[in-house]
Amino acid sequence: MRISKAGLLVVLAFLAPVLVELRTVLAWVNIELSVLETAIIGGIIIAVILVWAFLPENGDEEGAERDVSNSEL
Amino acid sequence: MSNAYIDKFPAEAKVVKAAFYSSFLALALGGVFGVIQTLHRTDIYRFIDSADYYTVLTAHGVFMVITFTIFFLVGVFTWAVTTSLDRGVEDIRFTWSWVGLMTIGTVMAGVAILAGFVDSIDISASVLFTFYAPLQAHPLFYLGLVLFVVGTWVAGADWFRSWWAWKKENPDARIPLPTFMVLTTMIMWYIATMGVATSILVFLLPWSLGWIETVNPLLTRTLFWFFGHPVVYFWLMPAYLLWYTMLPKFAGGKLFSDPLARVGFVLFLLLSTPVGIHHQYLDPGIAEGFKFIAMTNTMFLLLPSFLTAFTVVASIEHGARQRGGTGYFSWLKSLPWRDPVFAGMALAGLLFAAAGFSGMVNAGMNINYLVHNSLWVVGHFHLTVGTAVALTFMAVSYWFIPQVTGKELWNRSVALIQVVLWFIGMTFMTNSMHRAGLIGMPRRTAEPQYTGFEFETAVGSVGELNAQIALGGVLLTLSLVLFFANIIGTAFGSRSDNLPDNGYAEALSGSDDAPRVLDNLKLWTAIAVVLVIIAYSLPLMSIVDRGGLFGPDITAFPANLESVRFLAFAVEHLGTAALESAGTLAWNTLPEVIR
Amino acid sequence: MNIHTYEKVWLIAALLLIVGFIATITYGSVGLGIAMIDDSEETVEPSELDEDFGEPRVEHVGENEYEAYVIAQTFIFQPDPIEVPANSKVTFYVTSRDVIHSFSVVGTNINTMVIPGEVSTMTAEFDESGEYGIICNEYCGSFHHTMEGQLHVVPEDEFDMTELSVESDDEVELGNETTFNVAVENGMLDDLETTVTFEIGNETTEEEITVSGESTEETTFTVDSTELGEGDHDWTVTVDDYEESGTLTVVEDLEEEEENGGNNDE
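Thresholds, definitions, all that
Residues numbered from 1 in each chain as written. Chains lettered and ligands numbered in written order. Predicted model: local features only at pLDDT ≥ 70, side-chain atom pairs only at ≥ 80, totals over all residues. Heavy atoms only, no water. Domains from an automatic or database assignment. Contact = heavy atoms within 4.5 Å. Buried area = accessible area lost by both parts, 1.4 Å probe. Salt bridge = Lys/Arg side-chain N within 4 Å of Asp/Glu carboxyl O. Polar contact = N/O pair within 3.5 Å; in protein donor to acceptor, adjacent residues only side chain to side chain. Core = buried A, V, L, I, M, F, W, Y, C linked by side-chain atoms within 4.5 Å. Buried < 20%, exposed > 50% of the residue type's maximum accessible area, 1.4 Å probe, protein only. Pairing = 2+ DSSP bridges. Helix = DSSP H or I, 4+ residues; strand = E, 2+ residues; numbered from the N terminus. Patch = residues over 30% accessible without salt bridge, like charges linked within 9 Å, V, L, I, M, F, W, Y side chains within 5 Å. Areas by Shrake-Rupley, 256 points an atom, 1.4 Å probe, with all protein chains shown as cover. UniProt positions renumbered as here; feature names shortened; annotations may be inferred. Axes fitted to C-alpha atoms, helices over the stretch in contact; angles between N-to-C directions. Phe/Tyr/Trp six-rings, centres within 6.5 Å; stacked < 30°, edge-to-face > 60°. Nonpolar A, V, L, I, M, F, W, Y, C, P; charged D, E, K, R; others polar.

Quick look at the domain arrangement of chain C now. Residues and elements named next belong to chain C. Taken as a whole, chain C is organised into domain 1 (46-158) and domain 2 (162-261). Relative placement of domain 1 and domain 2: their C-alpha centres are 35 Å apart. In this assembly, four residues from domain 1 lie in contact with five residues from domain 2. Where domain 1 abuts domain 2, roughly 320 Å² becomes buried across the two surfaces, and 58% of that area is made up of carbon and sulfur atoms. Counting every contact that joins domain 1 to domain 2 gives zero salt bridges. At the surface where domain 1 touches domain 2, the tally comes to one residue pair in polar contact (both at pLDDT 80 or more).

Another point: the nonpolar core. Formed by 258 residues in total, the largest nonpolar core has its most connected members in F131(B), F141(B), W159(B), F92(C) and F103(C). Dropping the residues within four chain positions of it, F141(B) is found in contact with V62(B), A109(B), A112(B), I113(B), A125(B), V127(B), L128(B) and F131(B). Judged by nonpolar contacts, the second largest core, of 21 residues, contains V172(C), V182(C), V184(C) and L228(C).

Here we take up the pairing of strand β1 (residues 57-62) of chain C. All names here are of chain C. Looking at chain direction, β1 and strand β2 (residues 65-73) are connected through five bridges and run antiparallel. The residue of β2 that forms the bridge with G62 is E65. Between the end of β1 and the start of β2, which pair antiparallel, lie two residues, with N64 showing a positive phi angle near 60°.

Here we come to the side chain of T58(B). All names here are of chain B. Mapped onto the secondary structure, T58 falls in helix α3 (residues 50-85). For T58, a relative accessible area of 0% translates into the label buried. There is a polar contact of 2.6 Å between the side chain of T58 and the backbone oxygen of Y54. When residues no more than four places from it in sequence are discounted, the contact partners of T58 are I113, A125, S126, V127 and L128.

Quick look at the side chain of T179(B) now. All names here are of chain B. With respect to the helices and strands, the residue T179 is situated in helix α6 (residues 177-208). Of the polar contacts made by the side chain of T179, one reaches the side chain of S84; its length is 2.5 Å. When neighbours within four sequence positions are excluded, T179 is seen to be in contact with A80, V81, S84, L85 and W163.

Turning next to a nonpolar patch on the surface. Residues and elements named next belong to chain A. A surface patch of nonpolar side chains, amounting to about 410 Å² of accessible area, comprises L36, I40, I44 and V48. The residue V48 is located in helix α2 (residues 35-54) in this model. The exposure class assigned to V48 is exposed, which follows from its relative accessible area of 53%.

Right, let's get into the UniProt feature "domain: Cytochrome oxidase subunit II copper A binding" (unreviewed entry) in chain C. UniProt annotation of "domain: Cytochrome oxidase subunit II copper A binding" (unreviewed entry) refers to residues 53-165 of chain C when read in the numbering used here. Taken end to end, residues 53-165 of chain C comprises 0% helix and 57% strand; its first and last C-alpha atoms sit 25 Å apart.

Residues and elements named next belong to chain C. Spatial strand order, β4-β10-β9-β6-β7: five strands in an open sheet with mixed pairing. If you trace the sheet from one side to the other, it starts and ends with β4 (82-85) and β7 (111-114), each paired once. Direction aside, the axes of adjacent strands within the sheet are offset by 20° on average. Examined bridge by bridge, β4 and strand β10 (residues 148-154) share four bridges and lie parallel to one another. Bridge assignment links V84 to a residue of β10, and that residue is V153.

It is worth spelling out the UniProt feature "transmembrane region" (unreviewed entry) in chain A at this point. Summarizing the sequence annotation, UniProt attributes the feature "transmembrane region" (unreviewed entry) to residues 37-55 of chain A in the numbering used throughout. For the annotated span residues 37-55 of chain A, helix accounts for 95% and strand for 0% of the residues, and the straight-line distance between the end C-alpha atoms is 27 Å.

Residue and element names in this part refer to chain B. If you walk through the whole model with that rule in mind, you get 63 aromatic pairs over all chains. For the pair F33 and F63, a centre-to-centre distance of 6.5 Å together with 15° between the ring planes defines the contact as stacked. Of this pair, F33 sits in helix α2 (residues 10-41) while F63 sits in helix α3, and the two are 30 residues apart along the sequence. Residue classification places F63 among the buried residues on the basis of a relative accessible area of 5%.

It is worth spelling out the pattern of salt bridges at this point. Pairing between side chains becomes possible if they bear opposite charge and their charged atoms approach one another. Applying the stated rule across the entire model yields 18 salt bridges over all chains. One salt bridge in this structure joins E118(C) and R546(B), with 2.5 Å as the shortest N-O distance. Here the residue E118(C) occupies a position in the loop between β7 and β8 (120-126), and R546(B) occupies one in helix α18 (residues 521-547), the pair thus bridging two chains. Salt bridges linked by common partners bring R174(B), D258(B), R262(B) and D519(B) together as one network.

Quick look at the interface of chain A and chain B now. Taken together, the contacts link 21 residues of chain A with 25 residues of chain B. Approximately 2,000 Å² of surface area, both sides summed, lies buried where chain A meets chain B, with 70% of it carried by carbon and sulfur atoms. Connecting chain A to chain B are two salt bridges. Ionic pairing is found between E21(A) and R435(B), a salt bridge with its closest N-O pair at 2.8 Å. Counting across the interface, chain A meets chain B through four residue pairs in polar contact (both at pLDDT 80 or more). Within the residue set of the side of chain A that touches chain B, elements represented by two or more residues are α1 (5-28) and α3 (61-70) of chain A. Looking at the side of chain A that touches chain B, the element that brings in the most residues is α1(A), giving 13 residues. In the side of chain A that touches chain B, the residues fall into 12 nonpolar, five polar and four charged.

This is the structure:
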């Protein structure tokens, strides 16, 4: 994993407002999406992030990063 | 043996625990009423009468923003004073007395509100959190509020007692930051509650008891907002206290600057009250000049919040770098997102930034025409009190409850999902509320579906906005269920010796860097009082001069009379409305001219 | 007190932003003339609005300038609908008969609290015709959600403030004459030149009249019942788009109904 599970959860949560308002922003440049289209685009973006997150990372950087993001507490 | 709060202060831990549990009970009730409202007003699912919606709304408002927030506040403040002065309260019986007063007050106000659902009981208080006269509640409601506020006054006296006793033993020491924050907040509260105390004790309570005939609606309304704006900072200050003194610790670092934290709280003390008129930008009977003064004060009130944003983000970044974070932005990855306490507080802070933006719009005197009393405002305060405050409180409960019960948190993963779910739910709900407000959809309305016109959206449809509001409301309810599962699970757990130590964050730039004048509470109190007098004496005099102390001859809207008579009153007026529209129809269509 | 350089920069930027906000709002007030609702109106007694405030109405007060006097009460607005012409400047005077309401024209900046005892005023310009909803957005009681009204901005050439009323007998005795008293009220400031058309049976009479601004012009049509003959006769009086109609009955003998002869409409 390239990111901790908790980090992934927070990233996905942060995506919610971005996706909700994506439509409004696009409407400004005259691209009007339906609810379904927005949902599909949202789904694709989430899938891409998930695939990225679960791709194995090169080298031993992974171990180090996980240590940091999951440490003690 | 752990070094948790309960180990050091077992008696005080009981008080703090009682305060937290009281606030959670209010949160649960408020949550139930909240979801009923989202489903009702969006017309997704209606199972109550629309007339009862306003009782639900009153209950939601009062339980959430009075009981939940303030009970949590007194818990946090008691913890903050005892921990930072490192001494117990002076007299635990005195401490329990204010817990008792606040509880009795809540129960009285709560009974008055909830009795509104039962037709056979001749009591109701469906006057909303703002209780604007001539809407009239049962005296029990006003009495309950009075007792509750008096309870908070006694609580403040308790904390001042602790500080005075501590000061005798440490004459030259700086006030520890958490205690400083508690004391400045309480001074602000004493000043602010003068408004609502006058409004209730001099006018509304005697009026509801029938001792005086009339009240001046503009006067009681202005006195309410004298208190009504600082009260939002009263909710916010414990959250700020936690962001300053706890969040850096949870992030693994230190507070960036103790002196600037003090400056921030002094500014809040000075500026929280002389701004209340910004809630009355659209009120007739108040001169434009007074509104302008309130507007400039409000804008300067942004300053301490900007300061807080800087200090908190800087402290978090410091924490992340202590944990090995590097780079311009990649230090964000090094933050303890796995920790529900940190994640919840950070997400709350993030949405508070968004709330700041919509707040700036509200504060803009002339833009306010567009959004005043629209759903936009509801979106705004669900980001402030509903997220910045409530989510911070819930998240920090995952640290506090183990501290005051001595039991380990039941489930950290559930806790993390809970705070994230709250963030997502609020995103959906408040975003659509802001958007709906911009197209003119009103707040405080059981059925924002009108017969004579339709709201026009720029993008999407009204149906989508409603669906988003309802979706948000449901997610928030789910989040609450998870929260209570965790709290109850923790409460039924067994004592643990494996708890984190009690304490708060140290500062990179400590109190020694702060000019001593910052600790001169008498000076700041005096300036705050002067500012309030400048901002309020002329408007209040002008209002009394125009409308009289007891106002014009208006009958009380009998919100507390038996429902039969109330209904009769309503029906009579509906009848007038029906006649009126029939008349209009006739005027337009029949070949006869009326009048 | 040592303040970090970044924090100093941030502080200065924040202060600039705040001053900028205040400047734009001041510009809005002074430069663009966006006035706030204020205390310029005298207070009124909510129980004596008829004297203090008058009946709910629209008045023509200058070229393209109108004043709308609106009363909000649980749970209606009066007048409803409020009619004004396009390309006009309308000043609203709004007060409440009972509790606190609001007067909010959906989709516009016209939005004010309505407090009993106080009169809110605001002036708006309507460039184009259209229909707006008016809502109360301040909780005012159990049926608050039903409180709505309408604002109709009608095309300039279709707008008038003419009122027509006709006074006449219901019955007349055969052989007698009866009169139709027609009053045309002109609420506008300008003179109204129009034609009153009176039809009864197969006869049509027309009369040109000029009603000066803010006044009423009366005219009379006299009918001889002998020409009509016994029986029911429908009549209409037309002025522009306004029409009044009724039936005149010619009878052989007027008996005890005599007293009910005068008909005041409505």
